[in-house]
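# Architecture and fold: a report
Each chain is listed here by its residues.
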Amino acid sequence: MTPQNIISQIESMFGRQPEAYMIRLMNDGLIEMASKKQEYLVSATTDLETKKRWYALDDQVIDVVKVEILDANSRYVRIP
């Protein structure tokens with residue numbers, strides 16, 4: 001979606017608006033999206049398979065923060 005599409009949708013709903021107001025609305029939206037993106041964190045678990053070295057990640061994964069494996073003593077061991 002381009003800024004022009006956003007502006008045209010707002011103008012069709014609320015009529016013509018000042019340019020400074022439209023830019024402020026878009027900037028506020030971008031700041032809100034950026035803050036949510038930085039704070040969004042999801043945890044996932046999977047079972048290990050024998051003789052499998054590589055595991056597939058979901059397409060939405062951006063960054064892996066840590067990997068831990070549950071050992072025989074029921075403790076999590078962090079993998080560097």
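Owing to the predicted nature of the structure, the values given are computational and were not obtained by experimental measurement. (Residues numbered from 1 in each chain as written. Predicted model: local features only at pLDDT ≥ 70, side-chain atom pairs only at ≥ 80, totals over all residues. Heavy atoms only, no water.)

## Looking at the overall build of the protein
The test is simple: Helix and strand definitions follow DSSP, with helices as H or I runs of at least four residues and strands as E runs of at least two, each counted in order from the N terminus. To get the radius of gyration, use the C-alpha atoms; to get the globule rule, take the number of residues to the power 0.38 and multiply by 2.2 Å. Each residue gets one of three labels from its accessible area relative to the maximum for its type: buried under 20%, exposed over 50%, partly exposed in between, using a 1.4 Å probe on protein chains only. What sets the accessible areas is the Shrake-Rupley method with a 1.4 Å probe; for residues, cover comes only from the shown protein chains. Positive residues here are Lys and Arg, negative ones are Asp and Glu, while His and the chain termini are left out of the count. Each charge is placed at NZ for Lys, CZ for Arg, CG for Asp and CD for Glu.
A count of helices and strands for the protein gives 2 helices and 2 strands. Put simply, the protein runs from its N terminus to its C terminus through helices and strands in the order α-α-β-β. Taking 2.2 N^0.38 as the reference for a compact globule, 80 residues should give roughly 12 Å; the C-alpha atoms of the protein span a radius of gyration of 22 Å, well beyond that estimate. Across its three principal directions, the C-alpha atoms of the protein cover 65 × 20 × 20 Å. Of all 80 residues assigned to the protein, the portion counted as buried reaches 2%. If you sum the accessible surface of the protein, you get close to 8,200 Å²; carbon and sulfur atoms cover 55% of it. Averaging the positions of the 10 positive and the 12 negative side-chain charges in the protein gives two centres separated by 6 Å.

## Brief notes about unusual backbone geometry
If you check the backbone angles, K51 has positive phi at about 60 degrees while not being a glycine. Mapped onto the fold, K51 is located in the loop between α2 (19–39) and β1 (67–70). Classification of K51 by relative accessible area gives exposed; the value is 86%. Unlike most non-glycine residues, S74 shows phi in positive territory, near 60 degrees. By the element assignment, S74 lies in the loop between β1 and β2 (76–79).

## A short note on helix α1 (residues 3–14)
Applied cut-off: In a helix, the anticipated span is given by 1.5 Å times the number of residues less one.
Taking 1.5 Å of rise per residue, 12 residues should cover 16 Å, and α1 covers 16 Å from first to last C-alpha, within 8% of that figure. Just downstream of α1, G15 is the residue with a positive phi angle, here 85 degrees.

## Notes on the environment of I69
The criterion, for reference: Contacts are residue-level and defined by heavy atoms, with any inter-residue pair within 4.5 Å sufficient.
Position of I69 relative to the elements: it lies in strand β1. Linking I69 and L48, residues 21 residues apart in sequence, is a C-alpha distance of 8.7 Å. The residues contacting I69, other than those within four sequence positions of it, are L48, R75, Y76, V77 and I79.

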